[in-house]
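Given next are the chains, with one letter for each unit.
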Amino acid sequence: MKNENMNDKYFEQLRQEVLSDVYASHELSRTLPESLFPLHEHSARATAQSITDELMLDGNARQNLATFCQTWVEPEMHALMDTCLTKNLVDKDEYPQTAEIEQRCINMLADLWNAPNKETIGTATIGSSEAAMLGGMALLRNWKARQKAAGKPFDKPNLVTGPVQICWVKFCRYWDIEHREIPMEEGRLIMNAEEAVKRCDENTIGVVPTFGVTYTGQYEPVKDVSDALDALQASKGLDIPMHVDGASGSFLAPFVEPDILWDFRLPRVKSINGSGHKFGLAALGIGWVLWRTKEDLPEDLIFYVNYLGGNLPTININYSRPGAQVVAQYYNFLRLGREGYARIHQACYDTAIYLGEELDKLGIFDVIYNGKGGIPAVCWTLKKDAKLGFDLFDLSQILKVRGWQVPAYSMPPEQTSLVVMRALIRHGVSRDLISLLIRDMKRDIDELSANPPAKKSSKKHSSHNHSGRELTK
Ligand SMILES: *Cc1c(COP(=O)(O)O)cnc(C)c1O
C-alpha cells in the first residue's frame, strides 16, 4: 500500500514535469522568490517561463526613444553572438581569433577616424564610459609627467568640458580633478572655443569636446576649439591636448558628414572614444577608445599578465568580459561597410528631420535641435507663450499609455528652468513608427488640453537627481 502511494506520488510528479501545461504546473502556482536565496531546484522550463513573463513588464525597447543604444539587431548577429557566449575576451591566448578580430576592429576604426599612421593603439571597452575613463587617465598621467619634468606642481589638475555625459563627472570625481564644465547660456547649450580656452591654464589636463551632446544631440565644434588651443599655445606656450567624446558622433560623421573635422586629422586630438552599441549598430556592451599614436598612451596604463598563458597586454579596467560584442561589431563593419552605415544613418536623419517638421506644425513647440548639425535626434521645448494646462512631463507620462518612452527632463543646474523632450532616431525606428508617434501625440495633446491634469508640486519632476542628469543615457 505504502509503495503504491509512493509510486502514485512519483507518477504525479512526473506527469506534472512532463505533461502539464506550464501554467497549470505546480511550479507556476506560486509567486517568484524575491529575497531569500532559494532552497530547491525547479524545472528549467517553468523557471524560464516565469522570468520571461516578469520581463514583459519592462518597456518595449524599440519604443524607447530616450536611449542612444541599439534596440534592433539582425538575426545573424544574434546567432554569431550566441556562438561567442562562453568566450572571454580577456583570454587572448585561448581565443586568439577573437583577439585578432578585436585588433582588426581597432585598425578599421583607426582608418575611419583618420589616424596618421599604423602606430594607433586602442582597445574594446564595455561602452564609452570605460573608454572615457581610460582616455581621461591617459590625459591625467601625461599631464603629471609634463609637470614633473618641468619641475612644476602636479596636485591641482583640471578638465575643461561642455555640458557632459555623467561619465566625465565620474572621471573627475574618482580622480579628484577639478571639473570646469562650461555652463549653458540662453541660446548656447554647448561648448564654444572662446568659453573653452577661457578656462584653460597650465593645470588643464585636457579639453574634451562632446561630439553629439547628450542633452540636445548637437556636435560641439571640435575644429574651432582645436584652432583656439593652437592660438593659445602660440601666445602663452600652453600645449593642451584634446580627447573627443565621440560616443555617438564617431560612428555618424565619418559616414554621413565626412568633411567635418573632428578626428585625428586634427593633430591636437590625442584620443577618441566611441560607443559601438550606439550608432556603431552593435548590440549592447561595446565601446572603443583609440589613441593617436603609441606615445599618447602612457606605458604604465598597459598591463601584462601571464596567468592565462602567453604574456599579453591589456589596457582595460574590466578583466573578464564577453567576446560576443566585439564579434558583433566586426560583423557590422564587414556587413555594412561605409556605404551601409551611410544609408542606415541617412534614413535616420531624414526621419529625425521629418519628426522635427511635424512637431513644429503642432504649433506649441519650439524645436531646439532638429536633427541637423549633430546626431539623428530631435529636441524640443514648449513655446514660452503657449498657455497650456499641462507641461512636457505630463505629455511624457500620457505617451506611455501606448508604450512610447519619450523623456522630458530639465537641463543641468544653471538652466533647470529649461525643460525639454528628446527623441533619438536610430536603426529600427522607422518613418512609419514616427508617424504613429505624431498621431498619438496629437491625440494626447487634445486630451490634455480638454482635461488638464491637476497640478501637484512642480518640484516633483525636476528633483530625481540634483544634477538633472537622470535621463542622460
Ligand atoms: C552614451 C554616452 C556616454 C556613455 O557611453 P556608454 O557607452 O553608455 O558607456 C558618454 N558620452 C556621451 C556623449 C554619450 O552619448
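The structure displayed is predicted, hence computed values, not measured ones.

1. Notes on the overall build of the protein
Thinking step 1. Helix and strand counts for the protein stand at 13 helices and 13 strands.
Thinking step 2. Once the C-alpha set of the protein is aligned to its principal axes, its extents read approximately 100 × 70 × 45 Å.
Thinking step 3. Within the span of the protein, comprising 473 residues, buried residues form 51% of the whole.
Thinking step 4. A separation threshold of at least 6 residues defines the contact pool for the protein, and within that pool the share at least 24 residues apart is 71%.

2. A short note on the packing of aromatic side chains
Thinking step 1. In total, this model carries nine aromatic pairs according to the counting rule given.
Thinking step 2. The interplanar angle of 35 degrees and the centroid separation of 6.4 Å between the aromatic rings of Phe-251 and Phe-333 together place this pair among those described as tilted. With Phe-251 in the loop between β5 (242–245) and α9 (253–256) and Phe-333 in helix α10 (residues 324–361), this pair connects stretches of sequence that are 82 residues apart. As far as the burial class goes, Phe-251 and Phe-333 line up, both buried.
Thinking step 3. On the basis of an interplanar angle of 10 degrees and a centroid distance of 4.6 Å, the ring pair of Phe-255 and Tyr-341 is categorised as stacked. In this pair, Phe-255 is assigned in helix α9 and Tyr-341 in helix α10, connecting sequence segments 86 residues apart. Neither Phe-255 nor Tyr-341 differs from the other in exposure class; each is buried.

3. Here we look at the pattern of salt bridges
Thinking step 1. Per the counting criterion, the structure on display carries 20 salt bridges.
Thinking step 2. Across the salt bridge formed by Lys-198 and Glu-195, the nearest N and O atoms sit 3.2 Å from each other. Here Lys-198 and its partner Glu-195 are both found in helix α7 (residues 193–198), three residues apart, which amounts to about one turn of the helix.
Thinking step 3. Exposure remark for Lys-198: the relative accessible area of 54% places this residue in the exposed category.
Thinking step 4. On the basis of relative accessibility, which here comes to 8%, the residue Glu-195 falls in the buried class.
Thinking step 5. Between Asp-440 and Arg-402 there is a salt bridge, with the nearest N and O atoms lying 2.9 Å from each other. Of this pair, Asp-440 sits in helix α12 (residues 431–450) while Arg-402 sits in the loop between α11 (392–399) and β12 (408–410), placing them 38 residues apart in sequence.
Thinking step 6. We classify Arg-402 as exposed; its relative accessible area is 51%.
Thinking step 7. Salt bridges here are not isolated pairs; linked through shared partners, they connect Glu-178, Arg-180 and Asp-201.

4. Remarks on the site of the ligand
Thinking step 1. Around the ligand sit 14 residues, and of these Ser-128, Ser-129, Asp-245, His-277 and Lys-278 come closest.
Thinking step 2. Between Lys-278 and the ligand, the recorded distance is 2.7 Å, taken from a side-chain N or O atom to an oxygen atom.
Thinking step 3. Compared with its free state, where it exposes 390 Å², the ligand has 91% of that area covered by protein.
Thinking step 4. Grouping the constituent residues of the shell around the ligand by class yields two nonpolar, nine polar and three charged.

5. Notes on the domain arrangement of the protein
Thinking step 1. According to the domain assignment, the protein contains domain 1 (2–58), domain 2 (77–334) and domain 3 (345–461).
Thinking step 2. Each of domain 1 and domain 2 was reduced to a C-alpha centroid, and the two centroids are 48 Å apart.

6. Focus on the sheet that holds strand β13 (residues 419–424)
Thinking step 1. The four strands lie next to each other as β10-β11-β13-β12, forming an open sheet whose pairing is antiparallel. Whereas interior strands pair on both sides, the edge strands pair on one side only; in this sheet they are β10 (365–369) and β12. Adjacent strand axes in the sheet meet at a mean angle of 35 degrees when their direction is disregarded.
Thinking step 2. With three bridges joining them, β12 and β13 adopt antiparallel strand pairing. By the bridge assignment, Ala-408 is partnered in β13 with Met-421.

7. Remarks on the layout of surface pockets
Thinking step 1. Considering only enclosed or pocket space, the largest pocket measures out at about 560 Å³ in volume.
Thinking step 2. Lining of the largest pocket is provided by 22 residues; of these, Thr-381, Leu-382, Lys-384, Leu-418 and Val-419 occupy positions nearest its centre.
Thinking step 3. Of all the secondary-structure elements, those providing two or more residues to the lining of the largest pocket are β10, β11 (377–382) and α11.
Thinking step 4. Top contributing element to the lining of the largest pocket by residue count: β10, with three residues.
Thinking step 5. Counted by class, the lining of the largest pocket contains 11 nonpolar, five polar and six charged residues.

8. Comments concerning empty space enclosed by the protein
Thinking step 1. A complete count under the given rule lists two cavities of 30 Å³ or more for this structure.
Thinking step 2. The calculated volume of the largest cavity comes to roughly 80 Å³.
Thinking step 3. Taken together, Leu-89, Val-90, Lys-92, Glu-102, Thr-123, Ala-124, Thr-314, Asn-316, Asn-318, Tyr-319 and Arg-321 make up the full set of residues lining the largest cavity.
Thinking step 4. Considering only residue class, the lining of the largest cavity consists of four nonpolar, four polar and three charged.

9. Digging into α11
Thinking step 1. The buried fraction of α11 amounts to seven of the eight residues, a majority that puts the element mostly inside the structure.
Thinking step 2. The backbone nitrogen of Phe-393 has a side-chain oxygen 3.1 Å away, supplied by the residue at the start of α11, namely Asp-391.

10. Here we look at unusual backbone geometry
Thinking step 1. Of note, the phi angle at Asp-176 is positive, near 55 degrees, even though the residue is not glycine.
Thinking step 2. Among the residues examined, Asp-176 registers a relative accessible area of 67% and is labelled exposed.
Thinking step 3. Backbone geometry at Leu-281 places phi at a positive 70 degrees, although glycine is not the residue there.
Thinking step 4. Considering the arrangement of structural elements, one finds Leu-281 in the loop between β6 (269–275) and β7 (287–291).

11. Details of the nonpolar core
Thinking step 1. Counting 75 residues, the largest nonpolar core has Trp-113, Val-207, Leu-229 and Trp-288 as its most contacted members.
Thinking step 2. The element that contributes the greatest number of residues to this core is α10, accounting for 11 residues.
Thinking step 3. Two domains each provide a minimum of three residues to this core, namely domain 2 (77–334) and domain 3 (345–461).
Thinking step 4. Residue contacts for Leu-229: discarding those within four places in its chain leaves Val-197, Cys-200, Val-207, Leu-238, Ile-240, Met-242 and Arg-268.
Thinking step 5. Counting residues in hydrophobic clusters, the runner-up holds 29 residues, among them Ile-364, Leu-395, Ile-398 and Leu-448.

12. Some thoughts on the packing of helix α3 (residues 75–83) against α10
Thinking step 1. Close contact between α3 and α10 brings their axes to 9 Å; oriented N to C, the two are set at 145 degrees. Note on packing geometry: the crossing formed by α3 with α10 is right-handed. Judged by residue contacts, Glu-76, Met-77, Leu-80 and Met-81 of α3 engage Ala-324, Gln-325, Val-327, Ala-328, Tyr-331 and Asn-332 from α10.
Thinking step 2. Taken together, the residues of the contact of α3 with α10 break down into seven nonpolar, two polar and one charged.

Conventions we followed
Residues numbered from 1 in each chain as written. Predicted model: local features only at pLDDT ≥ 70, side-chain atom pairs only at ≥ 80, totals over all residues. Heavy atoms only, no water. Helix = DSSP H or I, 4+ residues; strand = E, 2+ residues; numbered from the N terminus. Buried < 20%, exposed > 50% of the residue type's maximum accessible area, 1.4 Å probe, protein only. Contact = heavy atoms within 4.5 Å. Phe/Tyr/Trp six-rings, centres within 6.5 Å; stacked < 30°, edge-to-face > 60°. Salt bridge = Lys/Arg side-chain N within 4 Å of Asp/Glu carboxyl O. Near = heavy atom within 4 Å. Polar contact = N/O pair within 3.5 Å; in protein donor to acceptor, adjacent residues only side chain to side chain. Areas by Shrake-Rupley, 256 points an atom, 1.4 Å probe, with all protein chains shown as cover. Nonpolar A, V, L, I, M, F, W, Y, C, P; charged D, E, K, R; others polar. Domains from an automatic or database assignment. Pairing = 2+ DSSP bridges. Axes fitted to C-alpha atoms, helices over the stretch in contact; angles between N-to-C directions. 1 Å grid on protein atoms, 1.4 Å probe; cavity = no way out; pocket = protein on both sides within 12 Å on 5 of 7 lines; lining within 4 Å. Points joined across faces, edges and corners; volume = space filled by probe spheres on them. Core = buried A, V, L, I, M, F, W, Y, C linked by side-chain atoms within 4.5 Å. Left-handed = near helix turned anticlockwise from the far one by under 90°.

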